[in-house]
Amino acid sequence: TRTDIDKIGAGGKFLMTTVSERLGSTQFAVSPFYLTDTKGGRQIFTTQFRASPSLPERYGVPIGYAKEFGGLLWELDVDGLAETGRVFRATDTSGPLAPGEFLRTGGHLSLKLQGSEDTPLERLDLDLAYKYLYGITGPLEHFHRFDATLSYLLPGTERYRIGFSYTVGRADDTLQYQDFWSTVLGVRF
């Protein structure tokens, strides 16, 4: 179906990293964001709090760093999340973005697999990610989203990649349910 969307947003990200010899490092981020969607009739202010730990390599669990095993580089990322904000205006007053305040908490888990050098899989990347938030206040009780991306780094260059992506679950900004495939052309500068 055709959907008209006209979104304009502005925000920022403030980062702080703590380092402990025994526990590793943890990155803390605070990200305020304002979004207006003139065609959807929405105005939303959100602040996301994120904590991303990295374990020291001596523990053997690749959280926050890559480790080679079985011809692949493995990296597991675990983020604790909290989102709070206010919906100032929304045309659908009974949906997940009904006007009022909200607080959601949960986490984001991702697994990145990349082929090791000099293996047949060296140009392939697989990224899997799952995000879950529980609504403490506000109209949305459960937020789920799963993303999977398989990409191939083109030979002779380290800058261009093509891939396929699948997403199922809710969008971060509109909370609308999505279920779609897409193709990806990536250029790294």
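In case you missed it, the structure is sitting above this.
Residues numbered from 1 in each chain as written. Predicted model: local features only at pLDDT ≥ 70, side-chain atom pairs only at ≥ 80, totals over all residues. Heavy atoms only, no water.

### Some details on the pairing of strand β11 (residues 177-187)
Sheet analysis places strand β10 (residues 160-170) next to β11, joined by eleven bridges and oriented antiparallel. Of the residues in β11, the one forming a bridge with S165 is S182. Counting the residues between successive antiparallel strands, the hairpin from β10 to β11 contains six residues, one of them, L175, with a positive phi of roughly 65°. (Pairing = 2+ DSSP bridges. Helix = DSSP H or I, 4+ residues; strand = E, 2+ residues; numbered from the N terminus.)

### Observations concerning the packing of aromatic side chains
Counted according to the given criterion, the structure contains one aromatic pair. Between the aromatic rings of Y166 and W181, the centroid separation amounts to 4.8 Å while the plane-to-plane angle is 40°, which identifies the pairing as tilted. You can see Y166 sitting in strand β10 and its partner W181 sitting in strand β11, a full 15 residues away along the chain. Take W181: its relative accessible area is 65%, and that puts it in the exposed class. Above the plane of the ring of Y59 lies R58, whose end atom (NZ or CZ) is 5.3 Å from the centre. (Phe/Tyr/Trp six-rings, centres within 6.5 Å; stacked < 30°, edge-to-face > 60°. Buried < 20%, exposed > 50% of the residue type's maximum accessible area, 1.4 Å probe, protein only. Lys NZ or Arg CZ within 6 Å of the ring centre and 35° of its normal.)

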